[in-house]
Amino acid sequence: MAEESGPRAGAGSGGSSGAVSPDQEGARLLALEQAGLSSAADEGMDRFARIAARLVDVPVALVSVAGAEHHSFPGMTGLEAPLSELRRTGLCAAVVSAGRLIVRDARTDPRTRGQPMTEELSIAGYAGLPLVDDDGVVLGSLCAVDRRPREWTDREVEALADLAEACAAEIRLRIVTRRIEEARGEAAALLARSELVLRASEVLADTTGVGQVRHQVGELITRDLHPSFAGLSLAQERIPWDATEGRWPDGTVQDPAVDPVATPWPTGRAAREKRTVAVHGIQEIRAEYGDEAAARWERLGFASMVCVPLAGTRRVLGALAVAWRHRHEPDLGELAVLTATAAYAARALERALFVDERIDVARQLQDAMLTELPSVPGLEMAALYRPAVARDRVGGDWYDAYRLPAAEKESGGPTLAATIGDITGHDIRAATLMGQARSMLRQADHDHPGAGPAAAVEALHHSTTTLDLGLTGTLIHAHLAPRGQGWELTWTNAGHPPPLLAVPGSPCRVLAEHEMMLYPGLAEGGWQEYRQALPPGSTLLLYTDGLVERRGEDIDAAIERLGTLLAAGPAPRWPASPTSSPSAWPARTPRTTWPSSPCAAPARTPDVHPGPTSGNPVARPHPDS
C-alpha cells in the first residue's frame, strides 16, 4: 500500500517541496507560457490523461497546471460539463507546492479539505505526481481522481510516476523548442540591428550634405525600427527629414522639428543634457515641458518619443528624434542601434556642415564672377545661370560679356565680346579654374586689340599650358560689331555646343563650325574664326551642354529641338526678383520644356537700326529657381 504522503519529491522527477517562492511563481508562469499550456484543450496532454485513467482504473484523470489564479486542465478525461468546457477550477496551494501528493480521501485530509479543486471535482481518492521543468520548478501534476476513498498501491503510484515523467519530458521539450525559437528570433533581430549599424556607417560615410544625411537617417531608421517619425533637429534649424511621408516638412503642424537649444521639447533636453531622453504619453510631456508642448504633442498624435544627442567632436549638433503613434519602449538593442546611428550621423553632419560652408563660399565666389551684362545700344541681352549639379552646385560653367577697347570701336571694329564656356568638373577646383580662364580671356582681348577672338583663345591656351594649370574644357568666344542695319558676329568655337541663330522668316540655323577643345599639350594655332551677319530681329543663343543633354537621348536631336523652339517666337519675360547672381530667361525657350541649364546667354538684335535702347540688360530669375 502506498502511504499517504505529505509534500515530498516525486520519484525520478527532481521534484520540489515547501512553499512556492515569488521567483518560483514567476518561473512557473513563464515556463507554462513557453510550453503553450493553458485551459485550452491540448491533444497531447489529453492523451496522457487517458493513459493515466486506464493505467490505474479511475473515472477522472487530469494533466493539471497551476496558473496565477486557478488550475487549468490542458489534458483531461472523465469530467462533465461545465468543467469539461471550462477546463479549470480554483487554485489549491497544497497541490501547487507539493511534490508527490497521495491522498486516500481529499474530503477529510487537512491539506485538501475545503479546497475549491476538491469540492468542484468531487474528489475523494487523489494521486498527484509532479510535472517538473529542467530547473526543478513544479509546473503542475498528472492527477488520478477517484470519486470514492482509495488505497493507492505502490505499483499504481510508481506507474503514475513513470507516466508523469514522460509527460514532463514532453512539456520540457516544448519549452526548449520555444526558447530556441525565441533565441533564433533574438539572434535574427540582433543580426538585423548589426546590419543596420553597419549600413549606417557605410551610407553616412558617403554623404556630402546635410540634406543627404537627413534623408539617409530617415531611410535607415524607418525601414528597420518602423517608427511613425524619424528626424534630425539641428541647432538653428527647424526643418527635419519627415520619414513618414518621405518629404521635407513645409512648416505645418506635422513638422516636429525644434530648435534644440531654446524650445521646450525632448530634443532640446537631449541636446542640452547630452543624454538619451524618452517620453511616453501626453501627461509626461505636460509635466516636463509645459502646456504648449503638450498641445503640440497631441496635434502630432505621438504616444512615445526617444531623442538621442548628436555629439560631434567639438559640440553637440542637435538630436536624433524617433517617435511612434503607439506606446513603444525601445529595448536595449534598439537603444544601442539609435545611439550608434546618432554617432555616425553626428560625424556625417560635421563633414556635411563643413562641406556646405565651403560650397557656400565657392558659390558666392562663383556668383561674384558672373558678369552683369553691359548695356549696348542696338542689342538686347539676357542671361540665365542655374547650377545643374545637385551635389556641389558649383562648377566650371560661365558666361561673360564686356565692352572692347575704345580704339577698336573708333576704327569700326568690334564693340562687344561675348563668351560662354565649360571648364571640366563640378567642384570648387573647376570654379577656381573658371575664374582664372575668365580673367585671362578678358586680359587677352584687351592686350591684343583688333586681333580677333581666335587670338584671344590662343593666348588663353598658351598661358594655361605655360603655367601648368591643367585646364581642360570648351568655350565659344565671339566679337560683335555693328554692320549697316544689323551686326556682324565673329567667333571661334573650341569644342563647345554650337550657337543657334534664329532670323525672322527663316528656319533656325546651327552654327556648327568648331575646332579642338582646350586641353594641355595640344598644339597652338589650331583655332579658326568664322563670321556671320546678324540682321535686325535675329536672335543668337549661346548655351552649355546642360541645356540639351539628356540621358539616353542623342544630343544632336536635342539641339535641333532647341532650335525649333528658338525659331518659334520670343519666350515670356518673367517678373524681376532679387537674386544673388545674374540670372535671366533663355530667349524663346519655354520653361516647361527644358531642364536646368548651367549657362545660357541669348543676344537679340532689335527690329530697328541700332540706336539708343532702354538701359540695363534683363536679369531675372528662372521661375523654377
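A quick note: this is a predicted structure, and the numbers were derived from the prediction, not measured.

Visitor: Tell me what's going on with the nonpolar core, and back it up with residues and numbers.
Guide: One finds L131, W152 and I171 to be the most contacted residues of the largest nonpolar core, which totals 32 residues. For this core, the secondary-structure elements that each account for two or more residues are helix 1 (22-35), helix 2 (43-56), strand 1 (60-66), strand 5 (125-132), strand 6 (138-146) and helix 6 (154-205). The element contributing the most residues to this core is helix 6, with nine residues. Counting 27 residues, the second-largest nonpolar core is a separate cluster that includes V217, L310, L320 and A342.

Visitor: So what about the packing of helix 13 (residues 428-447) against helix 14 (residues 453-466)? Which residues, and what values?
Guide: Relative to each other, helix 13 and helix 14 sit at 130°, their axes nearing to 8 Å. With respect to helix 14, the element helix 13 is oriented oblique. Note on packing geometry: the crossing formed by helix 13 with helix 14 is right-handed. Of the residues in helix 14, those touching helix 13 at A437, M440, L441, A444 and D445 are A456, V457, A459, L460, S463 and T464.

Visitor: Can you lay out the pairing of strand 12 (residues 396-403) for me, pointing to particular residues and giving the numbers?
Guide: The buried fraction of strand 12 is high, at seven of eight residues. As judged from the eight bridges shared by strand 12 and strand 13 (residues 416-423), these two strands associate in the antiparallel manner. Bridge assignment links R403 to a residue of strand 13, and that residue is L416.

Visitor: Talk me through the sheet that holds strand 7 (residues 229-234); I want residue IDs and the actual numbers.
Guide: If you trace the four strands from one edge of the open sheet to the other, you get 7-10-9-8, paired in antiparallel fashion. Each edge of the sheet is formed by a strand with only one pairing partner; in this case those strands are strand 7 and strand 8 (277-280). The sheet shows a mean angle of 15° between the axes of neighbouring strands, direction not considered. In this structure, strand 9 (residues 304-311) lies alongside strand 10 (residues 316-324), joined through eight bridges in antiparallel fashion.

Visitor: Lay out the sheet that holds strand 18 (residues 530-534) in plain terms, naming residues and giving numbers.
Guide: Spatial strand order, 12-13-14-15-18: five strands in an open sheet with antiparallel pairing. Of all the strands in the sheet, just strand 12 and strand 18 have a single pairing partner and so form its edges. Each neighbouring strand pair of the sheet contributes to a mean axis angle of 15°, computed without reference to strand direction. The sheet contact formed by strand 13 and strand 14 (residues 473-483) spans eight bridges and is antiparallel. Counted as the bridge partner of A418 is A478 from strand 14. Here helix 13 sits on the sheet and contacts strand 12, strand 13 and strand 14; the angle it forms with strand 12, its principal contact strand, is near 25°. With respect to the sheet, helix 14 is in contact with strand 14 and strand 15 (486-494), its orientation differing from that of strand 14 by roughly 150°.

What counts, and where the lines are drawn
Residues numbered from 1 in each chain as written. Predicted model: local features only at pLDDT ≥ 70, side-chain atom pairs only at ≥ 80, totals over all residues. Heavy atoms only, no water. Core = buried A, V, L, I, M, F, W, Y, C linked by side-chain atoms within 4.5 Å. Buried < 20%, exposed > 50% of the residue type's maximum accessible area, 1.4 Å probe, protein only. Helix = DSSP H or I, 4+ residues; strand = E, 2+ residues; numbered from the N terminus. Axes fitted to C-alpha atoms, helices over the stretch in contact; angles between N-to-C directions. Parallel < 35°, antiparallel > 145°, perpendicular 65-115°, else oblique. Left-handed = near helix turned anticlockwise from the far one by under 90°. Contact = heavy atoms within 4.5 Å. Pairing = 2+ DSSP bridges.

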